[in-house]
Amino acid sequence: MTDQRRSFLWGLRLGVPFALVGFVLSLSFAVLARQAGFSTAQAIVTSVIVFAGSAQFAMLSVVTGGGGVPAALAAASLMNSRFLAMGIALAPSLPGGPVKRAAQGQAVVDASWALANRGDGTFDRWLLFGTTAPQYLTWTLGSVVGAVFGDALGSPDRLGLDAIYPTFFLALLIAELRDRATRWVAIGGGVVALALVPLAPPGVPVLAASAVALVGLFRRPEMTREPA
């Protein structure tokens with residue numbers, strides 16, 4: 001067995017727990033998206049193309065709050081802006097020209113990026129691919145199930161699905177509070193969002209908090225260090 005195949009298979013195993021969680025999250029997203037007025041196809045295609053929980057829930061929270069499409073897209077883009085720094089760190093470990101490396105970079109998600117990091121500034125790209133594969137599969141499958149059969153579940157609040165995306169963002173905030181480098185940025189983003197909710201139009205609090213979080217992203221040592 002080649003080292004590449006071994007890394008890919010190991011990545012598949014590592015990705016399974018994240019894939020199971022992703023199924024529930026994407027199912028919840030699709031159900032809530034349908035309740036918010038998305039068509040079945042729109043809910044599924046959004047997950048297939050975006051494949052990012054934070055961006056999708058940010059977009060959905062803006063839409064359900066009465067915000068417009070530009071604000072929703074801006075919120076999703078800010079949430080995904082962390083992938084720019086992650087991609088810069090990963091790029092030297094990917095072979096080929098710009099197009100080939102860009103295609104390989106589509107496999108980057110938070111868990112896969114972290115697991116593929118060798119700790120010396122380089123990344124195991126085959127482990128990255130293997131870890132992402134089951135996550136993308138269940139993310140898509142969960143969205144299909146939620147979009148197609150969501151009506152059979154009844155009202156989202158009956159199952160607690162209406163609390164999924166605020167809980168999702170709260171979990172992200174709590175995770176950042178454990179990191180000394182981003183603790184104050186996380187607190188600042190939360191305070192800004194809470195302060196703007198009663199004052200600003202729907203979508204603006206999310207955008208403002210995302211902008212604060214973006215500052216913290218580029219201050220994290222593991223995101224900005226030069227490859228070894």
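Look above for the structure.
Residues numbered from 1 in each chain as written. Predicted model: local features only at pLDDT ≥ 70, side-chain atom pairs only at ≥ 80, totals over all residues. Heavy atoms only, no water.

Chemist: Tell me about a nonpolar patch on the surface, residues and numbers included.
Modeler: There is a patch of nonpolar side chains on the surface, built from V45, V48, I49, V50 and Y136 and spanning about 400 Å² of accessible area. Broken down by element, the nonpolar patch gets its largest block of residues, four residues, from helix α2 (residues 40-50). On the basis of relative accessible area, I49 is assigned to the exposed category, the value being 65%. (Patch = residues over 30% accessible without salt bridge, like charges linked within 9 Å, V, L, I, M, F, W, Y side chains within 5 Å. Areas by Shrake-Rupley, 256 points an atom, 1.4 Å probe, with all protein chains shown as cover. Salt bridge = Lys/Arg side-chain N within 4 Å of Asp/Glu carboxyl O. Helix = DSSP H or I, 4+ residues; strand = E, 2+ residues; numbered from the N terminus. Buried < 20%, exposed > 50% of the residue type's maximum accessible area, 1.4 Å probe, protein only.)

Chemist: An account of the packing of α2 against helix α3 (residues 53-64) is requested, with residue identities and associated values reported.
Modeler: Where α2 meets α3, the closest approach of the two axes is 9 Å, and the angle between their N-to-C directions is 140°. On the basis of the axis angle, α2 is oblique to α3. Crossing geometry of α2 relative to α3 is assigned as right-handed. Taking contact as the criterion, the partners of T46, S47 and V50 in α2 are, on α3, A55, Q56 and M59. Residue classes in the contact of α2 with α3 are distributed as three nonpolar, three polar and no charged. (Axes fitted to C-alpha atoms, helices over the stretch in contact; angles between N-to-C directions. Parallel < 35°, antiparallel > 145°, perpendicular 65-115°, else oblique. Left-handed = near helix turned anticlockwise from the far one by under 90°. Contact = heavy atoms within 4.5 Å. Nonpolar A, V, L, I, M, F, W, Y, C, P; charged D, E, K, R; others polar.)

Chemist: Break down the packing of helix α1 (residues 3-35) against α2 for me, citing the residues and quoting the values.
Modeler: Close contact between α1 and α2 brings their axes to 9 Å; oriented N to C, the two are set at 140°. Taken together, the axes of α1 and α2 are oblique relative to one another. Judged by the sense of rotation from one axis to the other, the crossing of α1 with α2 is right-handed. Contacts between α1 and α2 involve F29, A30, A33 and R34 on the former and, on the latter, T40, A43, T46 and S47. Considering only residue class, the contact of α1 with α2 consists of four nonpolar, three polar and one charged.

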